[in-house]
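These are the residues of each chain, in order.
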Amino acid sequence: MEPTSFDLRGDHITLDALLKAAGLASSGGEAKMLIQQGGVLVNGQADLRRGRKVRAGDVVAVGDRRVAVRAPA
């Protein structure tokens, strides 16, 4: 399945904010739980840090849903 694109507004977004903004989590609490349980992959590796800075070129996955982060236009 092709990843969905997400365009940054600045140079980064935190992992929990990306999950909410991209629709991978319906709330901040759900994003926090997904991250803490190891259910979120960043560039193929589980990442347990909610505040991780996700930058252009990163790919975030939750289950079979993937989001490719792009630089601001």
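The coordinates are above.
As the structure is a computational prediction, the values presented were derived from the model and not from experiment.

Peer 1: What's the story with the overall build of the protein in this structure? I'm lost.
Peer 2: Broken down by element type, the protein carries two helices and seven strands. Ordered by position in the sequence, the α and β elements of the protein form the string β-β-α-α-β-β-β-β-β. Relative to a compact globule of 73 residues, whose C-alpha radius of gyration would be 11 Å, the protein shows 11 Å and is just as compact. C-alpha atoms of the protein, sized along the principal axes, occupy 35 × 25 × 20 Å. A separation threshold of at least 6 residues defines the contact pool for the protein, and within that pool the share at least 24 residues apart is 50%. In the protein, the 11 positive side-chain charges and the 8 negative ones have mean positions that sit 5 Å from each other.

Peer 1: What is the right way to read the pattern of salt bridges from this model?
Peer 2: When the charged atoms of two side chains with opposite charge come close together, those side chains can pair. All chains considered together, the criterion is met by six salt bridges. Salt-bridge contacts for Asp7 lead to Arg70; the nearest nitrogen and oxygen are separated by 2.7 Å. Placement of the pair is Asp7 in strand β1 (residues 4-7) and Arg70 in strand β7 (residues 65-70), with a sequence separation of 63 residues. On the basis of relative accessibility, which here comes to 42%, the residue Asp7 falls in the partly exposed class. Arg49 is paired through a salt bridge with Asp47; the nearest N and O atoms lie 2.8 Å apart. Three or more residues are tied together by salt bridges with common partners; here these are Asp47, Arg49, Arg52 and Asp58.

Analysis parameters
Residues numbered from 1 in each chain as written. Predicted model: local features only at pLDDT ≥ 70, side-chain atom pairs only at ≥ 80, totals over all residues. Heavy atoms only, no water. Helix = DSSP H or I, 4+ residues; strand = E, 2+ residues; numbered from the N terminus. Rg over C-alpha atoms; globule rule 2.2 N^0.38 Å. Contact = heavy atoms within 4.5 Å. Lys, Arg positive; Asp, Glu negative; His and termini not counted. Charge placed at Lys NZ, Arg CZ, Asp CG, Glu CD. Salt bridge = Lys/Arg side-chain N within 4 Å of Asp/Glu carboxyl O. Buried < 20%, exposed > 50% of the residue type's maximum accessible area, 1.4 Å probe, protein only.

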